[in-house]
Every structure is written in structure tokens, then in C-alpha cells.
2 protein chains.
Amino acid sequence: MNFSCNKQDLLEAITTVQKAVMSKATLPILEGIYIEAGDSLKLVGNCFDMGIEYYVNADIKEKGSIVLNSKMFSDIIRGLPDSEVFIHEKENYVVVIECSNSYFEIKGLSPEGYPMLPEIEEKDKITVQQSALKDMIRKTIYAISNDEKNKILTGSLMEASDGEITMVSLDGYRLAIAKTFIKEVVSFKAIIPGKNLGEIYKVLEQSDEKVKITLSTNQALFEFENCRIISKLIDGEYMNYRSFIPEKFETQVEVNVKEFTKGIERASVIMSEENKYPVKLIIEGDSMLITSSTKFGISKEQIEVSTNGSNMTIGFNPRFLLDSFRVIEDEKVEIYFSSPVGPCVVKPIESDKFTFMILPVRI
Amino acid sequence: MNFSCNKQDLLEAITTVQKAVMSKATLPILEGIYIEAGDSLKLVGNCFDMGIEYYVNADIKEKGSIVLNSKMFSDIIRGLPDSEVFIHEKENYVVVIECSNSYFEIKGLSPEGYPMLPEIEEKDKITVQQSALKDMIRKTIYAISNDEKNKILTGSLMEASDGEITMVSLDGYRLAIAKTFIKEVVSFKAIIPGKNLGEIYKVLEQSDEKVKITLSTNQALFEFENCRIISKLIDGEYMNYRSFIPEKFETQVEVNVKEFTKGIERASVIMSEENKYPVKLIIEGDSMLITSSTKFGISKEQIEVSTNGSNMTIGFNPRFLLDSFRVIEDEKVEIYFSSPVGPCVVKPIESDKFTFMILPVRI
């Protein structure tokens, strides 16, 4: 194996595949990055739950492959000057890395036995913009449950039908739904583990480039630019989330997202980390009082809203409200209250691109 | 008590005095900030080892004083919009904080019993530029020992004589000395706890404004702008550090600080956190090879230097070299090697503003 490539390109490849490398594994090979100089240069990280393949522009002088410890390899490349990096295998899996005046020799591992990414048997496939997929993940990921006892809810449902793709997360206290249009008229459902979605989110860029998503029975493949990410799917049937959303509302309030978020943030300030008191919203006509009362004191903030329906007093866990409101880019949204004890729904004013539902707490 | 002031000014005052407030104390009052609306607005934090007083511009409508929990108070003020903040005591130590549409009521504590800063009986005093003092702390603080068994070395020596002020830190492996000129011809020695120096460093600004330093028998007072910081001193006699610095050198090398630092950083990359192997410097004429060899592999980096004296091969703990070299602003420095097992001295080429001494490790 003998190749050279640009330092920054190589570092980006390493940083990407590293997201799928275990930092502590029982077998050293699983803490490694697989490097293959073939027709092009390919890097692979794989922790079984998720695998990432990344292709880098490189000048390949001699083909070959090796596995290098992920942390060591990335630390070395990160420390190099911004210049061409020359890498070759010396003998017995010893790899030489040269760049400018720097010279490294590190011990690698035989590439045999490295768990390569499985081939995906194409069942269904859709194409979506990178930025749209990134946005859908951001708008739903915080509502994924951490509770391993209910495995299904530790992932997001990705559902395609009628020319649109919907992502849904749900943790028993709140529900987040985001949508985007696609060209393909396919129909499928898949539950993607939250941890993997978080890593995919980091790799995706805010770009118009397309991501091809291919599903097999138990895996999803995301392909974009020089990158292929395989995620296992969570087995089972997702909740019928549509049935949870109430259809009748007692009060409908249009709020300025920034003002409302700041108000909730301020009301949270007088709560300690351990004791999350509810924040109370008192809606009287076109005025909303955001207030809280804890052992430390009380807080009040008045904001102007635009109300349809009856007055309402309702309490929320402020963290749940903030999680949702912090990912909204719209200037204003509608909040629909079904009753002081029933679910509350948040929607943008002129689209159904996303929907949040939050359960109130007793006050 | 009733006053109003600018939010940013108040926040800066809180952030400053907070550095002297205990985050966990047995008495709630010790987790508080003392606030006094007198002729001007004064905030105080005091943890006995160190106390900070800070004056803020405020419009005082009614005099009075109170103690507010430091974390709660700073969280509230930080969350407020950038506007005028109105604060008054309602009754029974309940304090109302108002700003724009936000309203808070929090429970405070009686100011009686708050440990106010002691008066300093002037013994010796000097005046130095803020930026010069900040610079001296930065150049020496990393060489302070953490070893509580030798209390003296957990502080820096501040020594004034002959129109200059010298700061010295020393931990048994290395010695850092920084100097600056002063106008006063006074002579004193004081050992200031490293922890306090770190906090003083954060409060000092990169400005030409003066700091007045006043010493009493067991305390030092730093006065600048709106701020007074009192630090206790460490009792005892500091080491006679001058006798540690060798006078004869076998090899003298002029190095480019950036190149040398990068070289040492790269050589450190193949070391794990737990196992700090030495970095070896091999000086042969005007070439220096920076090299290391660990269980992970080897690294080599060649840099050009300008050498006087014999060839030399010497090993160092790379962290100790990096700590020193990272605070040097000069482009080039001289490194003086006494022998492969004797101390090595680093100095700027054309001044004695600072000196570092480092002991080598066996290779």
C-alpha cells in the first residue's frame, strides 16, 4: 500500500468514519479504521449498529489495505501541517506517515477479519436533499426516548407515502413530526435508532446535494457525496401516533417564537437542576403571563399574543417546551390547547412541515 | 434598598465577584453575593482565601444592603434582556428584580454576618500595568506545584527590588521566572496562592491601566479600576531559586518557537494519556531531530536551529516543554543545555523578561 493525499481531505474522512468506530472494544481491530487503497482511497468505520464508508481523493501508487487504530491515526493526521500526506506500508503492517518534515511509523493490524459493510439488498429507495433530511432530524431527534425498556421509542420512525417523507419521534411526554416532499411515490416505514440519526445528522451538510436512502428488511443505507452510511433498523411496529393528536381545541394562540422562548428560559432560571417545577401559562385575551414559583422565589413575564377561544391556565415542564421551540426557525407559530390537562399542539402558521405535541403537567 | 443599573455592567460585576464565592458552603450566606447600595453600588464575594469587591455605576434611590445566592442571582441577571435592571427590597429580605417585561422575586439573606473584606494595613505598595501583571502570571502560573504537602510551592513568589518586580513558580521539575519594571524602589517578598493568581488573571484586562498592589503581613490587595481583590499569602520562606540556575552551558541552540512547539506536539501524538514517554532532542550541528518512540510507533521531525557548542542528545517530558513554549510570544528563543542530565534554560534572545528552566528525563 502506498498513496498520498491532501491532509484536510484525509482528516475529514477520518472524522467522518470515526463516528462509527467503537472507542473501547474487546478486539483491537474494532477500534480501528479500515483503509483501502484500491482504484480510489476508501476508509471504513464499523461498530455493527452503524457503518460508514468514505472515499477520498488520493494518488495511489500501490494498492493495499490495512487497519489503523482510529484515535492514534486521527491524532497524527490532525497534528500534521496542511500539506500532502504520504502513507505507505513498510513491512508487517508497519505504516509510515510522512508530511513535510514530520515522519511517523505506527503499527497497524491485518485488514483480514475487519467487518466490512454488508451489501444492501435494495427493497425501497428514495432521494431527498441533504439539508431537508438534516432539518427533519433536528426537528424530531430531541423527542426520542432514552428508555431502553421500550426499544421502539429509542428510534425515529421514517415513513414514506404519497410523495412525502415523515419523521416521527415520541417519548410519552411529547411527539415531534417533520415532513418533506420527495419525488418517488414509494411507501415504506422504518425505525432508525436515535444514536445513529445523531451521527448521520453530524455528517450531513446544509447543502442541496441529494441523499439516496435505500431500505432492506433490517438496514437503511444513506448515500451522499463520497459517503455511505449503513444503519441497522429497530424491529417492530411503531405507535399509531396520528391517533394521539387531538382534533378539537379550546384555545388557539399565535405567539412570537423568540419572545415565548426567552420567557420560558427566564422562568426556568429560578429552578434548580434537580427540581424542575412547572412553568405556568396564563392566557387572558391577547395577553400571556409566563410565570413560575419555586422555593427560590417567583418569576413573571408578560407577552402579547393573539388568541382565539377561551382563557386558559396550563402548566408545562419548561425543558420540554424549550426543546421544541429552540429548533423552530419561523418567527411565529400557533399553539393549540385542547384543555388544561390535554395535549397541546404547536404548528407553523402556514404549513404542516412540522408539528409538535406536548403533554401539560398538573399545576 | 432600591436601585437601577445597566444589565451588562451588573453582570460583569457579578461574574467578577463570583470568582471569590464558594459554590458549596456549610452556611448559605457564604454562597451569596453581598450587595450594598450606598453612595455607589458595591458587590462583594468572599471565600476567606480571597475576597473581591466591585463597584458598579448605578442610580441609587434608596440605600440598603442584602445577600443574594450567587448562582441564582447570576442566572437571573444573565437571562435578562440587555436593558436597565431595577432592583429593590420588598420586605423581609425579599428582593424584586425587574427588567423590561420580566419580573422576579427572590428570597435574600440578612447582610448582617456577611464576612466583609478586611482593611489592609499598608506595609509596602507598588504600581504596575494590568497587562504586565497579567503577562507575568501567564508566564509562570503553569509551573506552580499542585502538591499540598509542600505548601510554599503551591504559590508564586512575587518579589520586588531594584525597580523591578519578579514572579517565580517552581514545582521541582521546572522553574519559571517573569520580570517587569516598576517605578517604586521598594523591596518585598510575598507568596501568593496559585488558585488566587488564576482568578486574578481572569479579572485583569490586557490594558495599560494600573494595578496598585499593597502588602500587609499576611495579605495582598490588588486594586484596579472598579475592583479590589484581597488574597491571603502563603506563610514561609520561598526557595532560593537563583541558586538552581546553572551558569555554565555546554550547548546553546537558537530555535524558532513555533516550529519547535509544533515538533514537540507532533512527537506527543503517539503517546497515550497515561504513558508519557520522553521526547528526545538530538542536536547535531545546526539540525535538531525531535523524536519519540512508544509502544504505538515512532515519530521524527527535523528542524533547523542555530547551534553553539557540542552536539547533544537529551530527553524531556513533552508536556513540560509545551507548557513553557505555549506562553512564549517571541519568534525565537535560546535554549541552553548544561548537560544531558542537567537543567536546561530557555530565554528570549534579547531580554531577560522571562526565564524557564526544565529538568531533563533519562532516556
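Residues numbered from 1 in each chain as written. Chains lettered and ligands numbered in written order. Predicted model: local features only at pLDDT ≥ 70, side-chain atom pairs only at ≥ 80, totals over all residues. Heavy atoms only, no water.

Caption draft 1: Representation of the overall build of chain A in the model. Counting its regular elements, chain A contains six helices and 26 strands. Once the C-alpha set of chain A is aligned to its principal axes, its extents read approximately 80 × 50 × 35 Å. Burial analysis of chain A (363 residues in total) assigns 56% to the buried set. Across chain A, the fraction of contacts at a sequence separation of at least 24, relative to all contacts at a separation of at least 6, is 67%. Measuring between centres, the 42 positive side-chain charges of chain A sit 5 Å from its 55 negative side-chain charges. (Helix = DSSP H or I, 4+ residues; strand = E, 2+ residues; numbered from the N terminus. Buried < 20%, exposed > 50% of the residue type's maximum accessible area, 1.4 Å probe, protein only. Contact = heavy atoms within 4.5 Å. Lys, Arg positive; Asp, Glu negative; His and termini not counted. Charge placed at Lys NZ, Arg CZ, Asp CG, Glu CD.)

Caption draft 2: Summary view of the UniProt feature "domain: DNA polymerase III beta sliding clamp N-terminal" (unreviewed entry) in chain A. The sites that UniProt annotates as "domain: DNA polymerase III beta sliding clamp N-terminal" (unreviewed entry) are residues 1-118 of chain A. Along residues 1-118 of chain A one finds 19% helix and 46% strand; the C-alpha atoms at either end are 24 Å apart. (UniProt positions renumbered as here; feature names shortened; annotations may be inferred.)

Caption draft 3: Geometry of the pairing of strand E21 (residues 297-304) of chain A. Burial along E21(A) is one-sided: Gly297(A), Ser299(A), Glu301(A) and Ile303(A) are buried, and none of Ile298(A), Lys300(A), Gln302(A) and Glu304(A), which face the opposite way, are. Connecting strand E20 (residues 287-294) of chain A to the antiparallel partner E21(A) that follows it, the hairpin turn spans two residues. One ladder, built from five bridges, connects E21(A) with strand E9 (residues 102-107) of chain B; its direction is antiparallel. Note that in E9(B) the partner of Lys300(A) across the bridge is Tyr103(B). (Pairing = 2+ DSSP bridges.)

Caption draft 4: Highlighting empty space enclosed by the protein. Scanning the entire structure with this criterion turns up one cavity of 30 Å³ or more. Volume-wise, the largest cavity comes out at about 40 Å³. Together, Gly263(A), Arg266(A), Ala267(A), Ile290(A), Ser299(A), Lys300(A), Glu301(A), Ser102(B), Tyr103(B) and Phe104(B) line the largest cavity. Those elements giving two or more residues to the lining of the largest cavity turn out to be helix H5 (257-269) and E21 of chain A together with E9 of chain B. (1 Å grid on protein atoms, 1.4 Å probe; cavity = no way out; pocket = protein on both sides within 12 Å on 5 of 7 lines; lining within 4 Å. Points joined across faces, edges and corners; volume = space filled by probe spheres on them.)

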